Amino acid sequence: MPSILFEIKDRLAIIRLNRPDKLNAFNREMGLLLLNKLELCSASPEIKAIYLTGMGKGFSAGQDLTEVTDSVGPGVAGMLTEVYNPLVTSIRNLTKPVLAAVNGVAAGAGANIALCCDIVVASLSGSFIQAFSKIGLIPDCGGTYFLPRLIGWQKASALALLGEKISATDAQQTGMIYKVFPDEQFEAASLEMAYTLSKMSSLSMALIKDALNNSLNNSLDAQLALENEYQQKAAGSSDFKEGIEAFLGKRPPQFI
Ligand code: LHQ
C-alpha cells in the first residue's frame, strides 16, 4: 500500500497519511510523497481545496523514530531540509486552502504539520503533543513560529517545554484549532467543511490566504495597503460579480 492515499472528488483533493501501524509516523518516503501530492494540488486547476487526514486511529505520530539516525535514514538535517521545511512552506505558499482533519493523536512533526494548515479540525478523541522535548529535541515544522501566534506565548512555551498532551477540546478552547466534531460524525463533518472550501471563489481563497500569511509580519499600515490592493483584485473578478448576482437573486453562488 502507498504511504499516501490520494483522490480528487468534486474539486477537492483528499490526502490520507497511510502508515496506520505506525500511527502514520513520517518516514522520508511518506514525507516526499506528501510533498509530491501537494505540488500536484498546486499545479492542477481542477483542484480547489485540500483535505489532509490520517488513516487508522491517529493523524500522525511525527517523525518515524526508527528512521532518525544518520545510519538508518536521512538524519535530522536531511529530514528538515528535504522533507519537513518544504512541507510547511508548500502548505503555506499553496494558493488553495488546506484543511487538516486530525482524526486522532497528532504528535511532534505530525502536530505541527497539522497546525500550519489553514483550518484545523479534530475528532473529540483527537489530541496534540509537542512531543519533541520528551526525546531531547525542539519543536520543528514551524512549531516555534505558529504555536505562539495561535495560542499566545505562555501556553506555547508550556506545551513546548513540557511536551504534555492537550485534548482536542482544550486545543479548541485555546484557539489552537477551529472545531471539534464527535468521532462518529468526524469524517462526514470535516469533509463537508472541506467541500465548502472547494466551492468558494479560488481567487478569494488565494488572496485571503496570502493576506493572512503577510499579516504575520506586516505593520498595520502595510497590511491595510495590502488589503486595498487585494480587495481591488477580488472586486474585479467574475466571481465577485457572480457573488453579488447570487445574493440579489437569493440563490447560492456558482463560482467558476
Ligand atoms: C511509532 C511512532 C514514531 C515510529 C508511534 N515512530 N513508530 C524528529 C527527528 C528527526 C527529524 C526532524 O524532526 C523530528 C520531529 C519529530 O516529529 S520528533 C517527535 C517524534 N514523535 C514522538 O516522539 C512521538 C512518539 N510516539 C508516542 O509518544 C506515542 O506513540 C503516541 C503518544 C503518539 C501515541 O501513543 P499510543 O496511542 O499509546 O500508541 P503507541 O505508542 O502504542 O503506538 C502505536 C504503534 O506506533 C507502536 O508500534 P507497535 O509495533 O509497538 O504497535 C509504536 O511504536 C508506533 N509509533 N509513534 N514516532
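Preceding this section is the structure that the text describes.
The structure displayed is predicted, hence computed values, not measured ones. (Residues numbered from 1 in each chain as written. Predicted model: local features only at pLDDT ≥ 70, side-chain atom pairs only at ≥ 80, totals over all residues. Heavy atoms only, no water.)

Student: I keep staring at the packing of helix 4 (residues 143-151) against helix 5 (residues 153-162) and nothing clicks. Help me out?
Tutor: Helices that pack against each other are described as a pair by the angle of their axes relative to one another and the distance between those axes. One can describe the packing of helix 4 onto helix 5 by two numbers: an axis separation of 7 Å at closest approach and a directional angle of 135 degrees. Classed by the angle they form, the pair helix 4 and helix 5 counts as oblique. Read as a crossing pair, helix 4 and helix 5 show a hand that is right-handed. Residue-level inspection shows Leu147, Pro148 and Ile151 of helix 4 in contact with helix 5, the latter providing Trp153, Lys155, Ala156 and Leu159. For the contact of helix 4 with helix 5, the residue count by class is six nonpolar, no polar and one charged. (Axes fitted to C-alpha atoms, helices over the stretch in contact; angles between N-to-C directions. Helix = DSSP H or I, 4+ residues; strand = E, 2+ residues; numbered from the N terminus. Parallel < 35°, antiparallel > 145°, perpendicular 65-115°, else oblique. Left-handed = near helix turned anticlockwise from the far one by under 90°. Contact = heavy atoms within 4.5 Å. Nonpolar A, V, L, I, M, F, W, Y, C, P; charged D, E, K, R; others polar.)

Student: Quick question: what am I supposed to make of the layout of surface pockets here?
Tutor: Take a probe with the size of a water molecule and roll it over the atoms, and the empty space left behind shows itself. When its volume is computed, the largest pocket comes out at roughly 510 Å³. Arg92, Cys117, Asp118, Ile119 and Leu212 are the residues nearest the centre of the largest pocket, which is lined by 23 residues in total. Looking at the lining of the largest pocket, the elements with two or more residues in it are strand 7 (119-123), helix 4 and helix 8 (202-215). If one sorts the elements of the lining of the largest pocket by residue count, helix 8 sits on top with six residues. Looking at the lining of the largest pocket residue by residue, the class counts come to 16 nonpolar, three polar and four charged. Space inside the second largest pocket adds up to approximately 310 Å³. Taken together, 19 residues make up the lining of the second largest pocket; nearest its centre are Gln63, Phe132, Ile135, Leu137 and Asp140. (1 Å grid on protein atoms, 1.4 Å probe; cavity = no way out; pocket = protein on both sides within 12 Å on 5 of 7 lines; lining within 4 Å. Points joined across faces, edges and corners; volume = space filled by probe spheres on them.)

Student: Explain the packing of aromatic side chains here, please?
Tutor: Two measures describe an aromatic ring pair: the distance that separates the ring centres and the angle between the ring planes. Under the criterion given, the structure shown has three aromatic pairs. Relative to Tyr84, the ring of Phe26 has its centre 5.8 Å away and its plane inclined at 70 degrees; by these criteria the two rings are edge-to-face. Of this pair, Phe26 sits in the loop between strand 2 (12-17) and helix 1 (28-43) while Tyr84 sits in helix 2 (residues 75-93), placing them 58 residues apart in sequence. Accessibility expressed as a relative area gives 2% for Tyr84, which makes it buried. Judged by centre distance (5.1 Å) and plane angle (85 degrees), the rings of Tyr145 and Phe146 are edge-to-face. Over the ring of Tyr145 we find Arg149, and its NZ or CZ is 3.9 Å from the ring centre. (Phe/Tyr/Trp six-rings, centres within 6.5 Å; stacked < 30°, edge-to-face > 60°. Buried < 20%, exposed > 50% of the residue type's maximum accessible area, 1.4 Å probe, protein only. Lys NZ or Arg CZ within 6 Å of the ring centre and 35° of its normal.)

Student: Sorry, what's going on with the sheet that holds strand 8 (residues 127-129) here?
Tutor: Hydrogen bonding along the main chain pairs the strands of a sheet, whether they run parallel or antiparallel. The sheet built from four strands is open, its strands ordered 4-6-8-9 with mixed pairing. Where the open sheet ends on each side, the last strands, each with one partner, are strand 4 (58-60) and strand 9 (165-167). Recorded for the sheet is a direction-independent mean angle of 20 degrees between the axes of neighbouring strands. As paired elements, strand 8 and strand 9 share three bridges and run antiparallel to each other. The residue bridging Phe128 from the neighbouring strand is Ile166, located in strand 9. (Pairing = 2+ DSSP bridges.)

Student: It is not clear to me how a nonpolar patch on the surface should be interpreted in this structure. Could you clarify?
Tutor: A cluster of nonpolar side chains, contributed by Phe240, Ile244, Phe247 and Leu248, occupies part of the molecular surface with about 470 Å² of accessible area. Turning to its location among the elements, Phe247 is positioned in helix 10 (residues 238-248). (Patch = residues over 30% accessible without salt bridge, like charges linked within 9 Å, V, L, I, M, F, W, Y side chains within 5 Å. Areas by Shrake-Rupley, 256 points an atom, 1.4 Å probe, with all protein chains shown as cover. Salt bridge = Lys/Arg side-chain N within 4 Å of Asp/Glu carboxyl O.)

Student: What's the story with the environment of Cys117 in this structure? I'm lost.
Tutor: Structurally, Cys117 is set in the loop between helix 3 (109-115) and strand 7. Put simply, Cys117 and Thr169 are 52 residues apart on the chain and 18 Å apart in space, counted from C-alpha to C-alpha. Not counting the four nearest positions on each side in its chain, Cys117 is found in contact with Leu52, Ile91, Arg92, Val98 and Ala100.

Student: I keep staring at the site of the ligand and nothing clicks. Help me out?
Tutor: Ala61, Gln63, Leu65, Ala109 and Asp140 are the nearest of the 23 residues found near the ligand. Here a nitrogen atom of the ligand sits 2.9 Å away from a polar atom, N or O, in the main chain of Ala61. Contact between the ligand and Asp140: an oxygen atom at 2.6 Å from a side-chain N or O atom of the residue. It is helix 2 that provides the largest number of residues to the shell around the ligand, a total of three residues. Along the lines of polarity and charge, the residues of the shell around the ligand split into 15 nonpolar, three polar and five charged. (Near = heavy atom within 4 Å. Polar contact = N/O pair within 3.5 Å; in protein donor to acceptor, adjacent residues only side chain to side chain.)

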